[in-house]
Amino acid sequence: MKTGLVLEGGAMRGIYTAGVLDAFMDHQVTFDGVMGVSAGAIHGASYVSMQRGRSIRYYLKYMKDPRFMSFRSLLKTGDLVGAQFCYHDLPEKLDIYDYQAFEQSPMRFYVVCTNVKTGKAEYIFMENMRNIGYLQASASMPLVSRIVEIGGKKLLDGGVADSIPYRRFYKMGYQKQVVVLTRPKGYRKKPSSMKLAKRLYRKYPKFLEAMAYRYIQYNRTVKELEYLEKTGKILLIRPSKDPRLGRMEKSKRKVKAVYHLGYQDAMAKMEQIKAYL
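Visitor: An account of the overall build of the protein is requested, with residue identities and associated values reported.
Guide: The helix and strand tally for the protein stands at 12 helices and eight strands. Compactness check: the protein gives a C-alpha radius of gyration of 17 Å against a globular reference of 19 Å for 277 residues, within 12% of the reference. Dimensions along the principal axes, computed over C-alpha positions, put the protein at roughly 50 × 40 × 35 Å. Burial analysis of the protein (277 residues in total) assigns 57% to the buried set. Intrachain contacts of the protein at a sequence separation of at least 6 include 74% that bridge at least 24 residues. Accessible area for the protein stands at about 13000 Å²; split by element, carbon and sulfur atoms hold 50% of it. Across the protein, the centroid of the 49 positively charged side chains sits 7 Å from that of the 24 negatively charged ones.

Laid out in structure tokens, this is it:
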């Protein structure tokens, strides 16, 4: 029975996941496959290459840099998250990503994107990280990111079509799963205003439909996961208290606290995780 790790997104809240993954690395917890969505894909990439501490290190160093994430970047480039800085300058020069370690890892890595033409999720196997466009697409939030065109497809944030893709991983044979969420127990997503989206994506009605339906699908998925957790078929890790991080959080103290919360929550379940796997 193959083991799988599913990583939800959540913009800056994803630093919670980075804390969980560093705890996994400290205790040699690995999986046959990892599937990440948006910020979950970003931090999952450093986990597969086994670069412990990389995510929190570059977050703290560059989070206030306007090239990293800023309205200045949005106005200048069309991307709130600076594409050149985050997907090229940072991994290639400033905090080197270990491409070789990724390619040698026994863990298979998948990222989830949303196809804006079909409104459906695309589950991309990342054979290597040198063609980083799919990772960028997975983390490209609607309304504040340009559509990423790659492989003949137009893609955006995977969380729109499939925020927590445990069902897809089951179908792929990963029947024993650990799922890392970035929202605390009891959270339910509410409908989003579609006013701006209808203007920006009027050419993509299927994508608009996926955006409008997202909260229903998300809440249904969380309810299913809670049932599966009770029956022992899946193991959930989620914040033991509300992370309360803004999408563009600039407080290093708050970011550190959420990272440590992820680490502590993973440690609290470490023996259970090892027994389950």
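We are not done yet, so read on.
Visitor: So what's going on with the pairing of strand 4 (residues 121-125)? Residues and values would help.
Guide: Only one face of strand 4 is covered, namely the face carrying E122 and I124; the face carrying A121, Y123 and F125 is uncovered. In terms of strand pairing, strand 3 (residues 108-115) meets strand 4 through five bridges, oriented antiparallel. Across the sheet, V112 pairs through a bridge with Y123, a residue of strand 4.

Visitor: Now, about helix 2 (residues 39-48): what can you tell me, with residues and values included?
Guide: Among the 10 residues in helix 2, 10 count as buried, and that is most of the element. Residues of helix 2 that are buried include every one of A39, G40, A41, I42, H43, G44, A45, S46, Y47 and V48, and no others.

Visitor: Give a description of the nonpolar core that names residues and reports values.
Guide: Residues L5, F24, F68 and M129 are the most contacted members of the largest nonpolar core, which totals 68 residues. The biggest single contributor to this core is helix 1 (residues 15-26), with eight residues. Judged by nonpolar contacts, the second largest core, of 17 residues, contains M35, V37, V179 and I234.

Visitor: Break down the packing of helix 3 (residues 54-62) against helix 5 (residues 83-94) for me, with residues and values.
Guide: One way to put it is that helix 3 packs onto helix 5 with a least axis distance of 13 Å and a crossing angle of 110 degrees. Viewed along their axes, helix 3 and helix 5 adopt a mutual orientation that is roughly perpendicular. As for the relative orientation of helix 3 and helix 5, their crossing is right-handed in sense. Listed contacts from helix 5 to R54, Y58 and Y62 of helix 3 are F85, L90, P91 and L94. Grouping the constituent residues of the contact of helix 3 with helix 5 by class yields six nonpolar, no polar and one charged.

Visitor: Summarise the environment of K117; cite the residues concerned and give the values.
Guide: Structurally, the position occupied by K117 is in the loop between strand 3 and strand 4. Along the chain, K117 and L208 lie 91 residues apart, while their C-alpha atoms are 9.8 Å from each other. When residues no more than four places from it in sequence are discounted, the contact partners of K117 are K154, Y204 and K206.

Visitor: So what's going on with a nonpolar patch on the surface? Residues and values would help.
Guide: The grouping of L143, L196 and L200 at the surface amounts to a nonpolar patch, some 240 Å² of accessible area in total. Along the polypeptide, L200 turns up in helix 9 (residues 195-200). Owing to a relative accessible area of 43%, L200 belongs among the partly exposed residues under this scheme.

Visitor: Break down the packing of aromatic side chains for me, citing the residues and quoting the values.
Guide: Applying the stated rule across the entire model yields 15 aromatic pairs. Between the aromatic rings of Y97 and F102, the centroid separation amounts to 6.4 Å while the plane-to-plane angle is 50 degrees, which identifies the pairing as tilted. The pair Y97 / F102 is uniform in exposure class, with both members buried. Members of the aromatic cluster, each reached through a chain of ring pairs, are Y97, Y99, F102 and F109. A cation over a ring is seen here: K2 above Y174, with NZ or CZ 4.2 Å from the ring centre. Positioned over the ring face of Y218 is K189, at 4.8 Å from the centre of the ring.

Procedures and definitions
- Residues numbered from 1 in each chain as written.
- Predicted model: local features only at pLDDT ≥ 70, side-chain atom pairs only at ≥ 80, totals over all residues.
- Heavy atoms only, no water.
- Helix = DSSP H or I, 4+ residues; strand = E, 2+ residues; numbered from the N terminus.
- Rg over C-alpha atoms; globule rule 2.2 N^0.38 Å.
- Buried < 20%, exposed > 50% of the residue type's maximum accessible area, 1.4 Å probe, protein only.
- Contact = heavy atoms within 4.5 Å.
- Areas by Shrake-Rupley, 256 points an atom, 1.4 Å probe, with all protein chains shown as cover.
- Lys, Arg positive; Asp, Glu negative; His and termini not counted.
- Charge placed at Lys NZ, Arg CZ, Asp CG, Glu CD.
- Pairing = 2+ DSSP bridges.
- Core = buried A, V, L, I, M, F, W, Y, C linked by side-chain atoms within 4.5 Å.
- Axes fitted to C-alpha atoms, helices over the stretch in contact; angles between N-to-C directions.
- Parallel < 35°, antiparallel > 145°, perpendicular 65-115°, else oblique.
- Left-handed = near helix turned anticlockwise from the far one by under 90°.
- Nonpolar A, V, L, I, M, F, W, Y, C, P; charged D, E, K, R; others polar.
- Patch = residues over 30% accessible without salt bridge, like charges linked within 9 Å, V, L, I, M, F, W, Y side chains within 5 Å.
- Salt bridge = Lys/Arg side-chain N within 4 Å of Asp/Glu carboxyl O.
- Phe/Tyr/Trp six-rings, centres within 6.5 Å; stacked < 30°, edge-to-face > 60°.
- Lys NZ or Arg CZ within 6 Å of the ring centre and 35° of its normal.

Don't take any of this as a statement about function, it's just geometry.
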